[in-house]
Amino acid sequence: QLQLVESGGGLVQPGGSLRLSCAASGFTLDYYVIGWFRQAPGKEREGVSCINKRGSITNYADSVKGRFTISRDNAKNTVYLQMNSLKPEDTAIYYCAAVPRGTGCRTRSLEYDYWGQGTQVTVSS
């Protein structure tokens, strides 16, 4: 069964850091473009970051540039999102998603085929 499982979320104070993980089972992530998305209550899902199949291309939303870093370890079948200098407005459920198409990457939700269940990130003082 094709699955993506996010982990690493939690409660952190403003300015703190978290590293999210997205682990794949049932398929190998090296054939997939991976995106990270987030959704806060009452708001639409927002693209955060993405990484291409080789890890040579990454993109970030303007709101997280310079603070978040996406990476992948294909040997571990896992993609990471390192989040530094966290702000209260980063509070959301974070999802990873995968699509086998494309040589680059974009953070558009409708382009992705497979989704994880999400992990909660709460940034509060």
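Okay, so let's go over this structure. (Residues numbered from 1 in each chain as written. Predicted model: local features only at pLDDT ≥ 70, side-chain atom pairs only at ≥ 80, totals over all residues. Heavy atoms only, no water.)

Remarks on the packing of aromatic side chains
Two measures describe an aromatic ring pair: the distance that separates the ring centres and the angle between the ring planes. With the rule as written, the count across this model stands at 7 aromatic pairs. A ring pair is formed by Tyr-32 and Tyr-114, whose centres lie 6.2 Å apart and whose planes are at 75 degrees; its orientation type is edge-to-face. Note that Tyr-32 is positioned in the loop between β3 (18-25) and β4 (33-39) and Tyr-114 in strand β10 (residues 114-115), a separation of 82 residues in sequence. Judged by its relative accessible area of 12%, Tyr-32 is buried. (Phe/Tyr/Trp six-rings, centres within 6.5 Å; stacked < 30°, edge-to-face > 60°. Helix = DSSP H or I, 4+ residues; strand = E, 2+ residues; numbered from the N terminus. Buried < 20%, exposed > 50% of the residue type's maximum accessible area, 1.4 Å probe, protein only.)

Some details on the pattern of salt bridges
Here the structure, examined in full by the defined rule, presents 7 salt bridges. Among the salt bridges present, the one from Asp-90 reaches Arg-67, with a minimum N-O distance of 2.8 Å. Placement of the pair is Asp-90 in the loop between β8 (78-83) and β9 (92-99) and Arg-67 in the loop between β6 (58-60) and β7 (68-73), with a sequence separation of 23 residues. No difference in accessibility class separates Asp-90 from Arg-67, as the two residues are buried. Note that Arg-108 and Glu-111 form a salt bridge whose closest N and O atoms lie 3.8 Å from each other. Residue classification places Arg-108 among the partly exposed residues on the basis of a relative accessible area of 47%. According to the relative accessible area criterion, Glu-111 is partly exposed, its value standing at 22%. Connected through salt bridges with shared partners, the residues Arg-38, Glu-46, Arg-67 and Asp-90 form a single ionic network. (Salt bridge = Lys/Arg side-chain N within 4 Å of Asp/Glu carboxyl O.)

What about the pairing of β8?
For β8, the buried fraction is high: 5 of the 6 residues fall into the buried class. Relative to β8, β3 is paired through 6 bridges, and the arrangement is antiparallel. Within the sheet, the bridge partner assigned to Ala-23 lies in β8 and is Thr-78. Relative to β8, β7 runs antiparallel, the two sharing 6 bridges. For Thr-69, the partnering residue across the bridge sits in β8 and is Gln-82. The hairpin formed by β7 and β8 contains 4 residues between the paired strands, and Asn-77 there has a positive phi angle of roughly 55 degrees. (Pairing = 2+ DSSP bridges.)

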